[in-house]
Amino acid sequence: MGWGSIYRRRVRVFAVAVMIYLDYKAVQQRDKWTIKSKKAALWEKAHERNAKRVLNLMIELEGLWVKLGQYLSTRADVLPPSYISLLKQLQDSLPPRPVQEVCQTIEKELGKSMDDLFSDFIRTPLATASIAQVHRATLVNGQEVVVKVQHEGIKTIILEDLKNAKSIVDWVAWAEPQYDFNPMIDEWCKESPKELDFNIEAENTRIVAANLGCRKNNENDNSKLANSVDVLIPEVIQSSEKVLILVYMDGIRLNDCESLEAHGVDKQAVVEEITRAYAHQIYIDGFFNGDPHPGNFLVSKEPPHRPVLLDFGLTKKISSSMKQALAKMFLASVEGDHVALLSAFAEMGLKLRLDIPDQAMEVTNIFFRTSTPANEAIEHMKSLAEQRSKNMKMIQEKMKLKQKEAKRFNPVDAFPGDIVIFSRVLNLLRGLSSTMNVRIVYHDIMRPFAESALLGNINNGPAVNTQWIYDSPSHSDVETKLRQLLVDLGNEEKILGIQVCAYKDGEVIIDTAAGVLGRYDPRPVQPDSLFPVFSVTKGITAGMLHWLADNGKVKLDENVANLWPEFGADGKDQIKVCHILNHTSGLHNAMANLRGENLSLFTDWEECMNQICMSVPETAPGQEQLYHYLSFGWLCGGIIEHASGKKFQEILEEAIVQPLKIDGELYIGIPPGVESRVANLTIDMNDLSNLLEMNSRPELPSTFQPSNIAQIVTVLPALFNMLNTRRAIIPSANGHCSARALARYYAALVDGGMIPPSHSSLSKPPLGSHPHIPKFPSEKASKKQKGKSNEMAALSKNKPNSRKCSKDFKDSENSGKSSNSSRNTSDASAVDSFASSDVAQNSNYVERIFNNPKIHDAFLGVGEYENFAKPKGKFGLGFRRASLSDGSFSGFGHSGMGGSTGFCDIKNRFAIAVTLNKMSFGGVTRKIVQLVCSELNVPLPDDFSDAGDRGADVQLNIGRPMIN
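Residues numbered from 1 in each chain as written. Predicted model: local features only at pLDDT ≥ 70, side-chain atom pairs only at ≥ 80, totals over all residues. Heavy atoms only, no water.

Would you explain the overall build of the chain in this entry?
For the chain, the count of helices and strands is 38 helices and 25 strands. Within the chain, the proportion of its 964 residues that are buried is 59%. Long-range contacts, defined as pairs at least 24 residues apart, comprise 71% of the intrachain contacts of the chain with a sequence gap of at least 6. Surface summary for the chain: the accessible area is close to 38,600 Å², and the carbon and sulfur share equals 51%. (Helix = DSSP H or I, 4+ residues; strand = E, 2+ residues; numbered from the N terminus. Buried < 20%, exposed > 50% of the residue type's maximum accessible area, 1.4 Å probe, protein only. Contact = heavy atoms within 4.5 Å. Areas by Shrake-Rupley, 256 points an atom, 1.4 Å probe, with all protein chains shown as cover.)

What follows is the structure, given as structure tokens:
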């Protein structure tokens, strides 16, 4: 092709593109002045004349433009009928190339004469397509074949057309920014040239046939497995770069409706089987044909009328991680799991410029929506356009953009190329079903294959997966023994994913991760993975309240109403802070009504605060210790916010996260951007029966008896896997952390607040290496605490002088002499380090997070704090007492529903944390703690002593630590 031809081709393409663009822009203007009854006719005429322009251009230029036309001809679900009816001609009825040209190419490529190759060669082609045409022939050995021959000079034309297409896409993206198809054209430019080498196509054909288990004669094969598919693929006989010879298969074309009806073909069954074949290629094999337009299928004439798959030139191979991410995205759409969806996006490299989980789910649902028959396409297009307009308006409001800015705003920051061909396949399949006028429910057909893609890896436990234990060096002999225990429990299917971390004498002795992140997430658990830990969160929340007491912002024997005036109504004016921490406030059932009305209201912080203020105590303060399984968190949270004048998460940052340098690995309410590290909860149904064996427990709230627990437990994984729940501030139950962050917290507490040395360098990635960007409530919401907030904001202005800031924090309450509020100036950077990254650097000066020499007594409610707690109660002040067989207390901590736990032994300077995502009722955690304590000669707390298979996490709250 000379430069003159290239120039004329380019000019022709751009002239038609501009003509069509201006035509539609003119129609848009005319539409505004046209009466409603005539608008449809106006647009129909525009579609007809522009469809003719497109068709004429594509027939004239051939090459890539024919391929584009073939694709568009299948999109009956989104394109007007005028385009579909005209562009269908491009599927297999292009003008044929001269047979002399075809024969010359065959002889040149195969090195033999036509007579030496064939006993018969049909000169009239079966079909002529964009790149090649196909002839029927008979080999000299008598075998019937089809011969696919590449058009002469087509390679140059295709490569030139790709450049022109790229230029048009760039122009459209500039003129209409909401229609930026650059990621698609970039991927097409990368993949299309592969279609020009028929040796590649031959190998692709063999691979797909082998993956799908296709055999030439499998009519009598009745051994169908759950995910097997029943399709035919022609066998490859011979190939070269420009010639491909395949076994001939007699069949009916999908666009030959009369023949399909005459042979009694069930079109619904055929399209469903084609869809299943593609689901298998994508999710099971990770190797799929990227060009499923109607011209690439036949239906066998003999019953059971199997689909015949043709043309594997454009075939895409994706990595195992991408295959799993695509499967996870699909299942997230099916189940409405926003967390899994955002995690899948992150895993596949799809990045959004803003946090729009609901809109992301809507778009994904559209992506996998049930196909629409052609006769419903117009209405469906209108609904999609309305939904798009609604989403763009939401983005405009969220980003505070002007209309012109919003028009040019693209919410997608990075679009991985692998998704382009995947998207094209789904769109072509949807177009195919519309063309065939059938309705395909992709959620039902593709789900088993997507599940297999994930479950196949998840079910590979330690017996077959040598990487089941995360690859990191062992810190000690006890860790080596622990890992063997985890392998044994994994082989018994007691563990899905788990982390264990322990400190002894201020040093890390265990930091192990094992298993996978979720039931549908086969990625390995890593040391920095985030696990939902339920009531383990209470120990963190309690620590925050003690930190405020240590800074003189609250007194443990102070009436809550003094700090939080609205709380004092309905007989709560005598409830003290210590009553809240000791579970003796009488508000153990405070949130029961809210739970019964609507579980989602738990995610509304303000509503929960209101409910707490309106609650009525059931017992007198300090009289009876009844576990505040949900109310504890909001009671403490309200005190924390009103005493500090700051938001709950700000205090979490100041008091714990930044001083301990555990950035990005401890949250109460996760921020956007961490979803890909979050473990997904499931339940060990075999252990659920333990609850059903229990009798009523008088020490528990009436709404929290064993008879009610089984029902609660079965819905909790689904509830706490939801994005809205994970992002909510639920200070009694919604902590997300790694075991190493939790263990470091308790390692600091066990040493009276002294911060341990830096975490082990053997643990990768390093602890605290993730950027920690919490999402605090808006400025408007914060104004409700204006007085205190202004006071604290003033302190933040002094952030360059961190020591002065700490002093002001104490002096503002004139409580520097109080034993539980004294704090040396080296703590200062923890106070305002959340406000500035440069101040965060000053956290190096922080040696302690508590200064009270009696802080352990405060946690346990003993010594000078014994009047603040029930003497023989299970709880001290916010923490569960770790009791020994002789009745003494060895330490403190808190466990959560399903087995996660964190606790420490004071005398032995020992701290341990266990996080897991397969919620069991004690056996796993108990065995881990028993092994570690035994190896270290640390006394075993009664909570973790032998109690059948129920173990510690059942016994804490229904006897011992089981539930939040």
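Next comes the rest of the write-up.
Looking at this structure, how should I read the sheet that holds strand β20 (residues 735-737)?
Paired through their backbone hydrogen bonds, the strands of a sheet run either parallel or antiparallel. One open sheet accounts for three strands, arranged β17-β20-β18; its pairing is antiparallel. Edge positions in the sheet fall to β17 (531-532) and β18 (666-668), since each of these pairs with one other strand and no more. The pairing of β18 with β20 spans three bridges and is classified as antiparallel. Residue pairing for β20: Ile668 is matched across the bridge by Gly735. (Pairing = 2+ DSSP bridges.)

Where do I start with helix α7 (residues 154-175) in this structure?
Residues separated by three or four positions in an α-helix point in the same direction, a consequence of the helix having 3.6 residues per turn. Here α7 contains 22 residues, and its C-alpha end-to-end distance of 31 Å stays within 8% of the 32 Å for a straight helix at 1.5 Å per residue. Turning to α7, its buried residues number three or more, namely Ile154, Ile157, Ile158, Glu160, Asp161, Leu162, Asn164, Ala165, Ile168, Val169, Ala173 and Ala175. (Expected span 1.5 Å × (residues − 1).)

Mind showing me how you'd approach the confidence of the model for the chain here?
The predicted coordinates ought not to be read in detail in places where the model reports low pLDDT. Looking at the chain, pLDDT values average 82 and 79% of them are 70 or higher. Taken element by element, the predicted model of the chain shows its lowest mean pLDDT in helix α34 (residues 829-832) (32) and its highest in helix α30 (residues 739-750) (98). Note that residues 948-964 has pLDDT below 50 and, in this model, 98 contacts with residues that lie over four places away or in other chains. (pLDDT = per-residue confidence, 0-100.)

Can you walk me through the packing of aromatic side chains in this structure?
In this description, an aromatic ring pair is defined by two values, namely the gap between the centres and the angle between the planes. Under the defined criterion, the tally for this structure stands at 21 aromatic pairs. Where Phe859 meets Phe879, the ring centres are 4.8 Å apart and the plane angle is 55 degrees; that geometry is what we call tilted. Here Phe879 lies in the loop between α36 (855-860) and β21 (880-883) and Phe859 lies in helix α36, a separation of 20 residues in the sequence. For the residue pair Phe859 and Phe879, the accessibility class agrees, reading buried in each case. Relative to Phe868, the ring of Tyr865 has its centre 5.9 Å away and its plane inclined at 70 degrees; by these criteria the two rings are edge-to-face. Look at Phe868 and you get buried, because its relative accessible area is 19%. Cluster of aromatic residues (ring-pair linked, three or more members): Tyr745, Tyr746, Phe850, Phe859, Phe879 and Phe892. The ring of Tyr248 has Arg136 sitting right over it, with the charged end atom 3.9 Å from the ring centre. Geometry around Phe875 places Arg880 over its ring, the cationic atom sitting 5.9 Å from the centre. (Phe/Tyr/Trp six-rings, centres within 6.5 Å; stacked < 30°, edge-to-face > 60°. Lys NZ or Arg CZ within 6 Å of the ring centre and 35° of its normal.)

Is there a simple way to explain the sheet that holds strand β7 (residues 251-253) in this structure?
The sheet built from three strands is open, its strands ordered β7-β9-β10 with antiparallel pairing. Bordering the open sheet on either side are β7 and β10 (307-309), each of which pairs with just one other strand. Taken over all neighbouring pairs, the strand axes of this sheet differ in orientation by 40 degrees on average, direction set aside. Two elements, β7 and strand β9 (residues 297-300), share three bridges in a ladder whose sense is antiparallel. Paired with Ile252 across the two strands is Val299, which belongs to β9. Sheet strands touched by helix α11 (residues 267-285): β9 and β10. Its angle to β10, the strand with the most contacts, is close to 40 degrees. (Axes fitted to C-alpha atoms, helices over the stretch in contact; angles between N-to-C directions.)

What exactly am I supposed to notice about the pairing of strand β24 (residues 910-916) here?
Within a regular beta strand, the side chains point alternately toward one face of the sheet and then the other, so they alternate between its two faces. Judged by how many residues are buried, β24 sits mostly within the fold: seven of seven residues are covered. Burial along β24 is two-sided: the face carrying Phe910, Ile912, Val914 and Leu916 and the face carrying Ala911, Ala913 and Thr915 are both buried. Examined bridge by bridge, strand β14 (residues 497-504) and β24 share seven bridges and lie antiparallel to one another. By the bridge assignment for β24, Cys501 is matched with Ala913. The loop that links strand β23 (residues 901-905) with its antiparallel partner β24 comprises four residues; one of these, Arg909, has a positive phi angle of about 50 degrees.

Teacher, can you tell me more about the pairing of strand β22 (residues 889-895) here?
Within β22, six of the seven residues are buried, which leaves it mostly tucked inside the rest of the structure. As defined by bridge partners, β21 adjoins β22 across four bridges and the pair is classed as antiparallel. Bridge pairing links Arg881 to Phe892 in β22. Connecting the antiparallel pair β21 and β22 is a turn made up of five residues, with Gly887 showing a positive phi of about 90 degrees. Counting the residues that bridge the hairpin from β22 to β23 gives five residues, and of these Gly898 lies at a positive phi of roughly 90 degrees.

I tried to follow the side chain of Thr105 on my own but got confused; where do I start?
Locating Thr105 in the fold gives a position in helix α5 (residues 99-110). Here Thr105 falls in the buried class, since its relative accessible area comes to 6%. In contact with Thr105, other than residues within four places in its own chain, are Val149, Gln150, Glu152, Lys242 and Val243.

Can you help me understand the pattern of salt bridges in this one?
Counted by the stated rule, this structure contains 29 salt bridges. As a salt-bridge pair, Glu201 and Lys148 come within 3.0 Å of each other at their nearest N and O atoms. In this pair, Glu201 is assigned in helix α9 (residues 198-211) and Lys148 in strand β4 (residues 144-150), connecting sequence segments 53 residues apart. Asp291 is the partner of Arg424 in a salt bridge, and the nearest nitrogen-oxygen pair spans 3.2 Å. Remark: Asp291 occurs in the loop between β8 (287-289) and β9 and Arg424 occurs in helix α17 (residues 417-435); sequence separation between them is 133 residues. Taken individually, Arg424 and Asp291 each receive the classification buried, so the pair is uniform in this respect. (Salt bridge = Lys/Arg side-chain N within 4 Å of Asp/Glu carboxyl O.)

Please explain the packing of helix α12 (residues 320-335) against helix α13 (residues 338-348) as it appears in this structure.
The description of two packed helices rests on the angle between their axes and on the distance between the axes. Where α12 meets α13, the closest approach of the two axes is 8 Å, and the angle between their N-to-C directions is 160 degrees. Classified by the angle their axes make, α12 and α13 are roughly antiparallel. Remark: the crossing between α12 and α13 carries left-handed chirality. Where α12 approaches α13, its residues Met322, Ala325, Leu326, Lys328, Met329 and Ala332 are matched on the opposing element by Ala340, Leu341, Ser343, Ala344, Phe345, Glu347 and Met348. A per-class count over the contact of α12 with α13 returns ten nonpolar, one polar and two charged. (Parallel < 35°, antiparallel > 145°, perpendicular 65-115°, else oblique. Left-handed = near helix turned anticlockwise from the far one by under 90°. Nonpolar A, V, L, I, M, F, W, Y, C, P; charged D, E, K, R; others polar.)

Which parts of the structure should I look at to understand unusual backbone geometry?
What is expected of a backbone is that most residues other than glycine have negative phi and most peptide bonds are trans. Backbone torsion omega between Pro303 and Pro304 reads 10 degrees, so that peptide bond is classified as cis. Relative to the helices and strands, Pro304 is located in the loop between β9 and β10. In this chain, Lys764 is followed by Pro765 through a cis amide linkage whose omega measures -10 degrees. Located in the positive-phi region is His305, a residue other than glycine, with phi close to 55 degrees. Inspection of the secondary structure assignment puts His305 in the loop between β9 and β10.

Is there a simple way to explain the environment of Ser73 in this structure?
Of note, Ser73 is situated in helix α3 (residues 64-73). Among the residues examined, Ser73 registers a relative accessible area of 0% and is labelled buried. Each C-alpha atom, one on Ser73 and one on Thr435, is 8.9 Å from the other, the two residues being 362 residues apart in sequence.

I keep staring at the environment of Thr901 and nothing clicks. Help me out?
Following the sequence through the fold, Thr901 ends up in strand β23. When the C-alpha atoms of Thr901 and Leu916 are compared, they prove to be 9.2 Å apart, with 15 residues separating the residues in sequence. Discounting residues that sit within four places of it in the chain, Thr901 has contacts with Val536, Leu742, His894, Ser895, Ile912, Ala913, Val914, Thr925 and Phe944.

Help me understand the environment of Glu451 in this model?
Counting through the fold element by element, Glu451 comes out in helix α18 (residues 442-458). Between the alpha carbons of Glu451 and Lys328 there is a distance of 8.3 Å; along the sequence they are 123 residues apart. Not counting residues up to four positions away in its chain, the partners in contact with Glu451 are Leu331, Gly456 and Tyr520.

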